[in-house]
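What follows is the residue order along each chain.
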Amino acid sequence: GTAVRIAPGERLRFSFAQAGCRAYVAVRGGFRVGNVLRSASTYVTAGLGGHQGRALLDGDVLEWGAEGPEGNAQDGLPGIGAAVGGGIVPSVGAGIAGDAAVGEAGTGGVLVGGRDGVDGRGGSGGKESRESLRVIPFLKGPEWNLLPEPVRRWFAESRFRVGSRSDRIGIRLRATSAAAGWEAPSIGSCPVCPGVIQLPPNGEPILLMNDAQTLGGYPRVGVVRERDLGIAAHVRPGDVVGFEPVM
């Protein structure tokens, strides 16, 4: 991506996703919305933060406000024409067909439109090009040793397809082969966090993501490191993933 100047009345359009499932747009000074817990992000499940606590709709107007001169250290964004590095936008392969944009200094507003701007359906809006397999490194979780050896081997060697019920709470996976002999032990409620891999009695793992709960009762068989969660955040329903132990 590259930092560019958007003039009043111009439109920013996104084509289909070539890799991953999200595009990133940053504006100088940040969007002026009601921050919750010092964050401008939206938690749709609870209706908190962002723009009225909900997903954006056609006709919504987002205002932004700049602080300081262009490209200064206050907002951490590069100057106009500069490349946006991996420290801001995570690498997921070929990227998204479309540029991240930084608005001009000052204040302004962005009109959201599903037809000419953002795809209001949240889809890729066109032809998809996917990698055949994404391998996600993981650390063995607190209940890993409770798994019988055949189930451990099954988990590490299996391929899982991303289910349609996946969301920001968790990525739900379906195994291409059943976990023979798997019976989930009773562990009671235990702390969980983003990156934890739970294995329910049905043998279909759940990888917890940014909007995950804080307690869970399924065995925590693995943990994906924070630096690797960006890979998981860009998988789409139908993608195939595998897990590789790192210790």
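So, here's what we can say about the structure. Worth saying up front: this structure is predicted, and the values here are computed from it rather than measured.

### Points about the nonpolar core
Grouped together as the largest cluster of nonpolar side chains are 24 residues, with contacts concentrated most on Phe155, Ile171, Ile197, Leu207, Val224 and Phe243. Contributions of two or more residues to this core are made by strand E5 (134-140), helix H1 (149-157), strand E6 (160-162), strand E7 (170-175), helix H2 (229-233) and strand E13 (240-245). A total of three residues in this core trace back to one element, the largest contributor, which is H1. Those residues in contact with Phe243 that sit more than four places away from it in its chain are Ile136, Phe138, Phe155, Ala156, Phe160, Leu173, Ile197 and Val224. Counting five residues, the second-largest nonpolar core is a separate cluster that includes Val196, Ile206, Leu208 and Ala212.

### Some thoughts on the sheet that holds E7
Spatial strand order, E5-E12-E9-E10-E7-E6-E13: seven strands in a closed barrel with mixed pairing. When strand polarity is set aside, the average angle formed by the axes of neighbouring strands in this sheet is 40°. Relative to E13, H1 is tilted by about 125°, and along the sheet it contacts E5, E6, E7, strand E9 (196-198), strand E12 (220-223) and E13.

### Observations concerning H1
Buried residues of H1: Val151, Trp154 and Phe155, and no others. For H1, the angular spread of the buried residues around the axis is 95°, confining them to a single face. Looking at the buried positions of H1, the neighbouring elements they touch are E5, E6, E7, E9, E12 and E13.

### Side note on empty space enclosed by the protein
Within this structure, the stated rule accounts for one cavity of 30 Å³ or more. When its volume is computed, the largest cavity comes out at roughly 30 Å³. What lines the largest cavity is simply Ile136, Val162, Ile171, Leu173, Leu207, Ala232, Val235, Val241 and Phe243. Listing elements by their share of the lining of the largest cavity, those giving two or more residues are E7 and E13. Within the lining of the largest cavity, the residues separate by chemical class into nine nonpolar, no polar and no charged.

### Focus: the pattern of salt bridges
This model, assessed by the stated rule, comprises eight salt bridges. The shortest N-O distance in the salt bridge between Glu149 and Arg152 comes to 3.6 Å. Taken as a pair, Glu149 and Arg152 lie in helix H1 at a separation of three residues, close to a single helical turn. Taking relative accessible area as the criterion, Glu149 reaches 45% and is therefore assigned partly exposed. Residue class for Arg152 comes out partly exposed when judged on its relative accessible area of 22%. Among the ionic pairs, Asp228 bridges to Arg225, the shortest N-O distance being 3.1 Å. Overall, Arg225 belongs to the partly exposed group, its relative accessible area being 24%.

Scoring rules and cut-offs
Residues numbered from 1 in each chain as written. Predicted model: local features only at pLDDT ≥ 70, side-chain atom pairs only at ≥ 80, totals over all residues. Heavy atoms only, no water. Core = buried A, V, L, I, M, F, W, Y, C linked by side-chain atoms within 4.5 Å. Buried < 20%, exposed > 50% of the residue type's maximum accessible area, 1.4 Å probe, protein only. Helix = DSSP H or I, 4+ residues; strand = E, 2+ residues; numbered from the N terminus. Contact = heavy atoms within 4.5 Å. Pairing = 2+ DSSP bridges. Axes fitted to C-alpha atoms, helices over the stretch in contact; angles between N-to-C directions. Arc of directions from axis to C-beta. 1 Å grid on protein atoms, 1.4 Å probe; cavity = no way out; pocket = protein on both sides within 12 Å on 5 of 7 lines; lining within 4 Å. Points joined across faces, edges and corners; volume = space filled by probe spheres on them. Nonpolar A, V, L, I, M, F, W, Y, C, P; charged D, E, K, R; others polar. Salt bridge = Lys/Arg side-chain N within 4 Å of Asp/Glu carboxyl O.

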